[in-house]
Amino acid sequence: MDLALDEAESLEKPLGPAPGTTGPSQKARSLWSDAWHQLRRNPVFIVSSLLILFLVVIAIWPQLIASGDPLQCDLSKSQQGSAPGHPFGYDTQGCDVYTRTVYGARASITVGVCATLGAALLGSVLGGLAGFFGGWGDALLSRVADIFFGIPVVLGGLVFLSVVTSSTVWPVVGFIVLLGWPQIARIGRGSVITAKQNDYVQAARALGAGNGRMMLRHVAPNAVAPVIVVATIALGTYIALEATLSFLGVGLRPPTVSWGIDISNAASQIRNAPHMLLYPAGALSLTVLAFIMLGDAVRDALDPKLR
């Protein structure tokens, strides 16, 4: 029986040479190796990856490029412009805008990564199980997801986070996961339904493979690509959502250093001290753009129809 199952699994492997090969001795590339082959030649992927790597490094070790303390302020320097050693000037409280902009990457990256991992894990598991088994569980998940889709994100954040007193990132992460998993669950469900109809899955089922073996060995590896694409693009969206909620006063709260908090404090002083708004807003926009560009490049590489 195991030999028969191995033969069924071999149906997943391509028999002929991959496009672009020149001889029968060259092995066909798998989906992931072919995607990596495309990504290495995509300048959008290279630029966005380098930028994201830089952001992750400064989020972990902000002291590498900022030696000051983001909470150390001097009111005598309130709203002053650029000065030696302080290229971005000072905010209303006399805090160094450059230091706060650098340290603000930590909160935004932490919220984005943790929320994306949580939403992707919860959504892919629930959506995958619903799509694989179908029945009443699938119908129930679809109706629950419809309920969450009907909740306005910003309004839900105002209601949910207004009763939270913690100044850490975890309430914001939990809220984003709570409203973010239905989108990934719907993508994962559709991918699993498509993958389980393939011939190699039907052959494995006919040869007596259990549900767990089929799900882990045959269906999941061929259904995870759309989830990765959606999660990568959603990461940038979640960072922007955190900044929006912090701007409205219900997301991250002081003394946490956040781009959304700094943008909120600078909004009323945009005419008198535009530098207070320019730099944190620019850092936020650049970060969101980098993740969206990365998601677009990964989508192009994993979807053969877009090549």
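Reference entry: report on the structure contained in this document. (Residues numbered from 1 in each chain as written. Predicted model: local features only at pLDDT ≥ 70, side-chain atom pairs only at ≥ 80, totals over all residues. Heavy atoms only, no water.)

## Considerations on empty space enclosed by the protein
Following the criterion strictly, the structure yields one cavity of 30 Å³ or more and no others. In this structure, the largest cavity encloses a volume near 80 Å³. Along the walls of the largest cavity sit Asp91, Val97, Arg100, Thr101, Asp262, Asn265, Ala266, Met276 and Pro280, which together make up its complete lining. For the lining of the largest cavity, the elements supplying multiple residues, two or more each, are α4 (97-133), α10 (259-267) and α11 (275-302). When grouped by side-chain class, the residues that make up the lining of the largest cavity number four nonpolar, two polar and three charged. (1 Å grid on protein atoms, 1.4 Å probe; cavity = no way out; pocket = protein on both sides within 12 Å on 5 of 7 lines; lining within 4 Å. Points joined across faces, edges and corners; volume = space filled by probe spheres on them. Helix = DSSP H or I, 4+ residues; strand = E, 2+ residues; numbered from the N terminus. Nonpolar A, V, L, I, M, F, W, Y, C, P; charged D, E, K, R; others polar.)

## A look at a nonpolar patch on the surface
Side chains of Val153, Val154, Leu155, Leu158, Val159, Phe247 and Leu248 sit close together on the surface and give an oily, nonpolar patch of about 560 Å² of accessible area. If you tally residues by element for the nonpolar patch, the top one is helix α6 (residues 153-161), at five residues. Looking at where Val159 falls in the secondary structure, it is placed in helix α6. (Patch = residues over 30% accessible without salt bridge, like charges linked within 9 Å, V, L, I, M, F, W, Y side chains within 5 Å. Areas by Shrake-Rupley, 256 points an atom, 1.4 Å probe, with all protein chains shown as cover. Salt bridge = Lys/Arg side-chain N within 4 Å of Asp/Glu carboxyl O.)

## Let's talk about the packing of helix α9 (residues 211-247) against α10
Following both chains from N to C, one finds α9 and α10 inclined at 45 degrees, their axes separated by 7 Å at the closest point. Relative to α10, the element α9 is oriented oblique. Read as a crossing pair, α9 and α10 show a hand that is right-handed. Note on element contacts: α10 touches α9 through Gly260, Ile261, Ile263, Ser264 and Ala267, opposite Ala243, Ser246 and Phe247. For the contact of α9 with α10, a count of residues per class yields five nonpolar, three polar and no charged. (Axes fitted to C-alpha atoms, helices over the stretch in contact; angles between N-to-C directions. Parallel < 35°, antiparallel > 145°, perpendicular 65-115°, else oblique. Left-handed = near helix turned anticlockwise from the far one by under 90°. Contact = heavy atoms within 4.5 Å.)

## Overview of helix α7 (residues 170-195)
For α7, built from 26 residues, the straight-helix expectation of 38 Å at 1.5 Å per residue is met to within 8% by its first-to-last C-alpha distance of 35 Å. Gly180 marks where α7 bends most, by close to 35 degrees; the proline Pro182 follows one to four residues later. (Expected span 1.5 Å × (residues − 1). Bend = angle between axes of the 7 residues up to and from the residue.)

## Let's talk about the packing of aromatic side chains
Any two aromatic rings considered together are summarised by their centre-to-centre distance and by the angle between their planes. Under the definition given, this model contains six aromatic pairs. Both rings, one in Phe148 and one in Trp181, keep their centres 5.6 Å apart while their planes meet at 65 degrees; by these two values the pair is edge-to-face. Of the two residues, Phe148 sits in helix α5 (residues 135-149) while Trp181 sits in helix α7, which places them 33 residues apart along the sequence. Their ring planes at 25 degrees and their centres at 5.7 Å tell us that Phe160 and Phe175 sit as a pair that is stacked. Placement of the pair is Phe160 in helix α6 and Phe175 in helix α7, with a sequence separation of 15 residues. Owing to a relative accessible area of 37%, Phe160 belongs among the partly exposed residues under this scheme. On the basis of relative accessible area, Phe175 is assigned to the buried category, the value being 3%. (Phe/Tyr/Trp six-rings, centres within 6.5 Å; stacked < 30°, edge-to-face > 60°. Buried < 20%, exposed > 50% of the residue type's maximum accessible area, 1.4 Å probe, protein only.)

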